[in-house]
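# What the coordinates show
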Amino acid sequence: MTTVVIAGGGIGGLAAALSVSSQGHRVVLCERNSEFAELGAGIQLAPNGMHALDRLGLAGAVGRIAVPVRELRFMDGVSGEHVVSMSLGERYRARFRNAYVVVHRGELHRLLLRACKDSDRIELRPSSEVVGYEHAGQTVRVLLAGGRTLTADALVGADGLHSAVRARLVGDGPPRNAGITVYRSIVPMDRVPPDLRHQSVTWWAGPGRHFVHYPIAGGRSLNLAPSVENRPAETFSGVAVPAPEVREQFAVLCDTAQRLLDLATEWKAWVLVDRAPVDTWTDDRVALLGDAAHPMLHYAAQGACMALEDAVVLGDLLNCASAEFGARLRRYNAARRERTTRVHRLARDSIGLWHAAGTAAVARNKALTAMSPTDLHDHMAWLHGARDFAAPDPGVLPGSADEDTYTLAGVLDAAGAGDPRGAAPGAYTLGGYLAPPERPR
């Protein structure tokens, strides 16, 4: 029996283990920590992510713990104006053949972990940090902390933002500091006033900052996640922050947003990071997956979905003997590169949408208000409607995301200046074009 070692026991690694083992391969899943666990709060799963989970046999189980979302609500965070909502109801579900849901990250991880434990082809190895690899003819020597080694027919690096496998394969140094801090808190729903309870994902957009919230844990809790461009000099993760400090950062937001923020008494903060897309994620019998391959900002709410899609495509392509693994991993890389790059650019470009100020915010609100329900669904069809995760994506143009500015549909925007907010006064990007500058009357 062929053996595939997977580095990293997060959502992507567990999903990859299920997908690869379904082809008859033995999987050794290595996790650096002493137990398999997932930190974090809420996670959004669009229909493409739910379809990937369905392919893994878990959509039904996820559906039982998830909160179906009725709409995505976009609010002007300063004025309190409701700008637009994208309905996720019957028409949306019929078109994209699945629901849009939110779930607690830990609960999703536990479902995947339970499925892996139930498989006789998957071996879980905690306290086994993968620190590198070496090619050894038709096998890979996987290097573990402490001097231990494993021999495998292939290695999949699903070891996240600070991937040791990526460091050996790509060697692009530490992640990029995005200059944004996100604060997270979870509030029991029984502490949320009834008029502030919505079965929706809601964004409050403000100058240089925004605030998103939605119910999780079967509706028993409210997930709060405000972000601000405060350009921290150093990155950090999961640091406790006093509630008054958080409220001060978002004092510009309207009364309703403030009421929601005031519900939280405990906050933790993370500096957002990502990496520039790269063309090559494979090195013969070694490949990257999820955040190790294409780490992106969370503003497209697609990081977990992309990892789940990766896992499905990887398993589909490894329906072969060990001798073909190198060629099949290159096909996996080619199949996933364009789509994940487009989502990466969407996430970066969304900063300009959420954080616009002044005339740019006015133009944004006007453009969004003019969009019909069909327009909004059309705009997201390429992302939410995907069923063949290995299909080529003609909407992506070549070039580095660090060198070019892209609109929200992933199309090159030659008029920008590195940041959508740096375009002409009042300019606003949405739907694959740069809207003409307009000044409010």
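See the structure above.
Structure report, in brief. (Residues numbered from 1 in each chain as written. Predicted model: local features only at pLDDT ≥ 70, side-chain atom pairs only at ≥ 80, totals over all residues. Heavy atoms only, no water.)

## Things to note about the overall build of the protein
- Each helix and strand in the protein was counted, giving 12 helices and 22 strands.
- Burial status across the protein gives 57% buried among its 441 residues.
- A total of about 17,800 Å² of accessible surface is found on the protein, and carbon and sulfur atoms cover 49% of it. (Helix = DSSP H or I, 4+ residues; strand = E, 2+ residues; numbered from the N terminus. Buried < 20%, exposed > 50% of the residue type's maximum accessible area, 1.4 Å probe, protein only. Areas by Shrake-Rupley, 256 points an atom, 1.4 Å probe, with all protein chains shown as cover.)

## Description of the pairing of strand S7 (residues 101-104)
- Judged by which residues are buried, S7 turns out to be covered on both faces: Val101 and Val103 on one side and Val102 and His104 on the other are all buried.
- Here four bridges tie strand S3 (residues 42-45) to S7, and the two strands are oriented antiparallel to one another. Counted as the bridge partner of glutamine 44 is valine 102 from S7. (Pairing = 2+ DSSP bridges.)

## Examining unusual backbone geometry
- The backbone phi angle of arginine 97 is positive, close to 60 degrees, even though this residue is not glycine.
- Tracing the backbone shows arginine 97 in the loop between helix H4 (90-96) and S7.
- The class of arginine 97 is exposed, set by a relative accessible area of 52%.
- Notably, alanine 301 is not glycine yet its phi reads approximately 55 degrees, a positive angle.
- By the secondary structure assignment, alanine 301 is in the loop between strand S20 (286-288) and helix H9 (303-317).
- When its relative accessible area of 18% is taken as the criterion, alanine 301 is described as buried.

## Details of empty space enclosed by the protein
- Taken as a whole, this structure holds two cavities of 30 Å³ or more when the rule is applied.
- Contributing to the lining of the largest cavity are 25 residues, with Leu72, Trp203, Leu353, Trp354 and Met380 lying nearest its centre. (1 Å grid on protein atoms, 1.4 Å probe; cavity = no way out; pocket = protein on both sides within 12 Å on 5 of 7 lines; lining within 4 Å. Points joined across faces, edges and corners; volume = space filled by probe spheres on them.)

## Focus: the packing of H9 against helix H10 (residues 325-354)
- Orientation of H9 relative to H10, taken along the N-to-C sense of each, is 160 degrees, at an axis distance of 9 Å. Judged on the interaxial angle alone, H10 and H9 are roughly antiparallel. Crossing of H9 over H10 shows right-handed handedness. Residue-level inspection shows Met306, Glu309, Asp310, Val313, Leu314 and Leu317 of H9 in contact with H10, the latter providing Arg328, Leu329, Arg331, Tyr332, Ala335, Arg336, Arg339, Thr340 and Val343.
- Per-class residue counts for the contact of H9 with H10 are eight nonpolar, one polar and six charged. (Axes fitted to C-alpha atoms, helices over the stretch in contact; angles between N-to-C directions. Parallel < 35°, antiparallel > 145°, perpendicular 65-115°, else oblique. Left-handed = near helix turned anticlockwise from the far one by under 90°. Contact = heavy atoms within 4.5 Å. Nonpolar A, V, L, I, M, F, W, Y, C, P; charged D, E, K, R; others polar.)

## Considerations on the packing of aromatic side chains
- Under the counting rule described, the total for this entry stands at five aromatic pairs.
- Members of the aromatic cluster, connected to one another through ring pairs, are Phe74, Trp203 and Trp354.
- Against the face of tryptophan 270 rests arginine 184, its NZ or CZ located 4.9 Å from the ring centre.
- Cation over ring: arginine 342 sits above tryptophan 382, and NZ or CZ is 3.9 Å from the ring centre. (Phe/Tyr/Trp six-rings, centres within 6.5 Å; stacked < 30°, edge-to-face > 60°. Lys NZ or Arg CZ within 6 Å of the ring centre and 35° of its normal.)

## Points about the sheet that holds strand S14 (residues 200-206)
- In space, the eight strands of this open sheet follow the order S6-S5-S14-S15-S16-S13-S18-S17, with mixed pairing throughout. Edge positions in the sheet fall to strand S6 (82-87) and strand S17 (239-241), since each of these pairs with one other strand and no more. Across the sheet, the axes of successive neighbouring strands diverge by a mean angle of 25 degrees, strand direction being ignored.
- Sheet topology places S17 next to strand S18 (residues 267-274); three bridges connect them, and they run antiparallel. Directly across from alanine 240, in S18, lies its bridge partner lysine 268.
- Set on the sheet, helix H11 (residues 358-369) makes contact with strand S5 (71-76), S6 and S14; between it and S5 the angle comes to about 145 degrees.

## Observations regarding the pattern of salt bridges
- For the structure shown, the criterion picks out 16 salt bridges.
- For the salt bridge of arginine 55 with aspartate 316, the shortest nitrogen-to-oxygen distance reads 2.7 Å. Of the two residues, arginine 55 sits in helix H2 (residues 47-55) while aspartate 316 sits in helix H9, which places them 261 residues apart along the sequence.
- When salt bridges with common partners are traced through the structure, they connect Glu309, Asp310, Arg336 and Arg339 into a single cluster. (Salt bridge = Lys/Arg side-chain N within 4 Å of Asp/Glu carboxyl O.)

## Looking at the sheet that holds S20
- As summarised here, the arrangement of the six strands in space is S8-S2-S1-S12-S20-S19, forming an open sheet in which the pairing is mixed. In this open sheet, the two strands that pair with only one neighbour each are strand S8 (122-125) and strand S19 (282-283).
- Along the sheet, H10 contacts strand S1 (3-7), strand S12 (154-157), S19 and S20; its crossing angle with S20, the most-contacted strand, is approximately 20 degrees.

## With respect to helix H5 (residues 105-117)
- For H5, built from 13 residues, the straight-helix expectation of 18 Å at 1.5 Å per residue is met to within 8% by its first-to-last C-alpha distance of 18 Å.
- Restricting attention to buried positions, one finds in H5 the residues Gly106, Glu107, Leu108, His109, Leu111, Leu112, Leu113 and Cys116.
- As for H5, its buried residues are in contact with helix H1 (11-21), S3, H2, helix H3 (59-65), S7 and S8. (Expected span 1.5 Å × (residues − 1).)

## Side note on the side chain of threonine 282
- Relative to the elements of secondary structure, threonine 282 occurs in strand S19.
- Taking the relative accessible area as the measure of exposure, threonine 282 reaches 11% and is therefore buried.
- Leave out the neighbours within four places in its chain, and threonine 282 touches Leu169, Ala287, Leu329, Arg330 and Asn333.

By themselves these figures say nothing about function.
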